[in-house]
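What follows is each chain in one-letter form.
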Amino acid sequence: MKILVINAGSSSLKFQLIDMNGEVVIAKGTCGRVGAEIGEFDIKTEKGKFEKEVAMPDHTAAFQVVKEALISGETKVIDSLDEISAIGHRVVQGGSIFKESTLVTDEVIEGIKSLCDLAPLHNPAHIQGINACMDVFGKDVPEVVVFDNAFHSTMPEEAYMFGIPYEYYEKYKIRRYGFHGTSHRYVSAECAKIMGKDIKDLKIITCHLGNGSSITAVKGGKVIDTSMGLTPLDGFIMGTRSGNLDPSVVTFLQEKEGWTPAETSNILNKKSGVFGISGKYSDDRDILKAAAEGDARAELAKKMLWYQIRKYIGQYIAAMQGVDAIVFTGGIGENSQPLRQNICESFGYIGVTFNAEENTKAIKGKGGELSGPDSKVKVYVIPTNEELMIARDTKEIAEKL
Ligand code: ADP
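Residues numbered from 1 in each chain as written. Predicted model: local features only at pLDDT ≥ 70, side-chain atom pairs only at ≥ 80, totals over all residues. Heavy atoms only, no water.

1. Quick notes on the overall build of the protein
Each helix and strand in the protein was counted, giving 15 helices and 14 strands. Against the globule reference of 21 Å for 401 residues, the protein gives a C-alpha radius of gyration of 22 Å, in line with a compact fold. Counting only C-alpha atoms and orienting by the principal axes, one finds that the protein spans roughly 60 × 55 × 45 Å. The proportion of buried residues among the 401 residues of the protein is 50%. Partitioning the intrachain contacts of the protein with sequence separation of at least 6 by distance along the chain shows that 60% fall at a separation of at least 24. Surface summary for the protein: the accessible area is close to 18,900 Å², and the carbon and sulfur share equals 50%. (Helix = DSSP H or I, 4+ residues; strand = E, 2+ residues; numbered from the N terminus. Rg over C-alpha atoms; globule rule 2.2 N^0.38 Å. Buried < 20%, exposed > 50% of the residue type's maximum accessible area, 1.4 Å probe, protein only. Contact = heavy atoms within 4.5 Å. Areas by Shrake-Rupley, 256 points an atom, 1.4 Å probe, with all protein chains shown as cover.)

2. What about the side chain of Ser-101?
Residue placement: Ser-101 occurs in the loop between β6 (84-91) and β7 (102-103). What makes Ser-101 buried here is its relative accessible area of 15%. In contact with Ser-101, other than residues within four places in its own chain, are Val-144, Val-145, Val-146, Arg-185, Asp-393 and Ile-397.

3. Some details on the side chain of Ser-213
Summarising the element assignment, Ser-213 is placed in strand β10 (residues 213-219). By relative accessible area, which is 2% here, Ser-213 ends up buried. A polar contact is formed between the side chain of Ser-213 and the backbone nitrogen of Gly-210, at a distance of 3.1 Å. Every residue in contact with Ser-213, bar those within four places of it in the chain, is listed here: His-180, His-208, Ser-227, Met-228, Phe-236 and Met-238. (Polar contact = N/O pair within 3.5 Å; in protein donor to acceptor, adjacent residues only side chain to side chain.)

4. Structural notes on the sheet that holds strand β9 (residues 203-209)
One open sheet accounts for six strands, arranged β11-β10-β9-β12-β14-β13; its pairing is mixed. Bordering the open sheet on either side are β11 (222-226) and β13 (368-369), each of which pairs with just one other strand. Inspection of the sheet shows β9 paired to β10 by seven bridges, in the antiparallel sense. If you follow Cys-207 over to β10, its bridge partner there is Ile-215. Here helix α11 (residues 296-320) sits on the sheet and contacts β9, β10, β11 and β12 (325-329); the angle it forms with β10, its principal contact strand, is near 15°. With respect to the sheet, helix α13 (residues 337-346) is in contact with β9, β12 and β14 (378-381), its orientation differing from that of β12 by roughly 165°. (Pairing = 2+ DSSP bridges. Axes fitted to C-alpha atoms, helices over the stretch in contact; angles between N-to-C directions.)

5. A few points about the environment of Arg-392
Position of Arg-392 among the secondary structure elements: in helix α15 (residues 386-399). Between the C-alpha atom of Arg-392 and that of Glu-334, which follows or precedes it by 58 residues, the distance is 23 Å. Not counting residues up to four positions away in its chain, the partners in contact with Arg-392 are Met-20, Glu-23, Tyr-186 and Glu-190.

6. Here's the deal with the sheet that holds β7
Spatial ordering of the open sheet is given by β5-β4-β3-β2-β1-β6-β8-β7, a layout of eight strands whose pairing is mixed. At either end of the open sheet lies a strand with only one pairing partner, and these are β5 (48-54) and β7. Bridging between β6 and strand β8 (residues 143-147) involves five bridges; their strand directions are parallel. Across the sheet, residue Arg-90 finds its bridge partner in β8, namely Val-146. Sheet strands in contact with α15 are β1 (2-8), β2 (13-19), β6, β7 and β8, and its direction is about 125° off that of β6.

7. Quick word on the packing of aromatic side chains
Under the definition given, this model contains eight aromatic pairs. Centre to centre, the rings of Phe-98 and Phe-147 are 4.4 Å apart; their planes meet at 10°, and the pair counts as stacked. Residue Phe-98 is found in the loop between β6 and β7, and its partner Phe-147 is found in strand β8; the two are separated by 49 residues along the sequence. By relative accessible area, which is 9% here, Phe-98 ends up buried. Between Tyr-166 and Tyr-169 the ring centres are 5.4 Å apart and the planes differ by 65°, which places this aromatic pair in the edge-to-face class. A residue pair is termed a helical-turn pair when its members lie 3 or 4 positions apart in one helix, as Tyr-166 and Tyr-169 do in helix α5 (residues 166-172) at three residues. Residue class for Tyr-166 comes out partly exposed when judged on its relative accessible area of 44%. (Phe/Tyr/Trp six-rings, centres within 6.5 Å; stacked < 30°, edge-to-face > 60°.)

8. Describing the site of the ligand
Looking at the ligand, the residues that line it are Gly-210, Asn-211, Gly-212, Asp-283, Asp-284, Arg-285, Gly-330, Gly-331, Ile-332, Asn-335 and Ser-336. Here Asn-211 contributes a side-chain N or O atom positioned 3.0 Å from an oxygen atom of the ligand. At 2.2 Å from an oxygen atom of the ligand is found a side-chain nitrogen or oxygen belonging to Asp-283. Relative to its unbound accessible area of 580 Å², the ligand is 69% covered by the protein chains. Element by element, the count of residues in the shell around the ligand is highest for helix α12 (residues 330-333), at three residues. When its residues are assigned to classes, the shell around the ligand shows one nonpolar, seven polar and three charged. (Near = heavy atom within 4 Å. Nonpolar A, V, L, I, M, F, W, Y, C, P; charged D, E, K, R; others polar.)

9. Let's talk about the nonpolar core
The biggest cluster of nonpolar side chains holds 36 residues, and the ones touching the most others in it are Ile-205, Ile-215, Ile-309, Ile-313 and Leu-339. Among the elements of the structure, β9, β10, α10 (284-292), α11, β12, α13 and β14 are those that each provide at least two residues to this core. By residue number, the principal contributor to this core is α11, which donates ten residues. Dropping the residues within four chain positions of it, Ile-205 is found in contact with Ile-215, Thr-216, Ile-313, Tyr-316, Ile-317, Met-320, Val-323, Ala-325, Ile-326 and Val-327. Of all hydrophobic cores here, the second largest spans 31 residues; its members include Tyr-160, Met-195, Val-327 and Met-389. (Core = buried A, V, L, I, M, F, W, Y, C linked by side-chain atoms within 4.5 Å.)

In short, the description is geometric, and any link to function would need to be established separately.
Shown next, in the form of structure tokens:
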């Protein structure tokens, strides 16, 4: 069974074709600058990476390009579209409506549409992607949606409510939803597998650290708390996002600087975080390098990030009343050795021991165990694979049809 996994953004479309027999990626690529005069298309197959410039005025045109690439020319990996059994779409915001992955129906599309206010940059693009996919691949191929926050839907009220008048929860459904759920679900399940234990018996803290980052407390296989909130702005400092701060900082600056809501959102999402502190860099590699070369603001940004991650892990140990394993994933989690060393060493007091040699080996998609054999808490690097998780869900739903 072959499954096509789609991540449609407003001006981009990422895809992977996965053969579920062995869970092998047969082709993966990106349509960039969709809607612009000239778009960029790339695809990687076992024959290599192919790139071309091609006009993709809309998502339907982008899917046409993907379809042609999969079935013809030097990039061909399948004989016909009939080989694609089902299509799985990533959807960022499932709100309180969708608690698990589901087959796309008219009603489901209406549900995703009704959540556009909560994810104005993402959900409209996902709907475009789903509709365009139907135009190109036909209505007979089952389409499944996998929600970024469905895994977090198990959070109890006391974790997901904000301390503001209850009427705003009733009126606008303002609450913590969390994000990166597919990644947290994948790595927590992998962690249990590696430990050879039933996830129901484990308390795991998963740290997805990338340009956007979140930390999640998974108790008995269920999320009980997560750092991102109503939007992916909450939590700790990220590449360009502020993470949480005293809400008065926002109202104070709006008054002093005359920021509109849109300007405020832009500054907190795009000009803050380690970029805002360092004044120059949002990429963790640049921050580490500049800090090592004596740049005081890069050093401060680095220290703030490490400190805030430590605090979140500490919070979640308290929330779960213990921890069996801590997992690092995402671009930073999978690669930043100094960050991982700092975090592991800062939990020495709860019995975490650190294996420096394994830390240097776990990099660029290679996982590993960072804790020593005597460690009371296991620490792992587990490369994430959201696409595989989407493909697995899609397969499961398609097989039941
Ligand atoms: P996104 O949230 O956009 O999916 P990724 O998970 O790809 O992001 O993570 C991107 C981040 O990973 C960047 O900040 C990048 O600097 C960081 N990263 C990648 N390689 C390394 C490395 N060797 N050391 C430190 N950070 C790294």
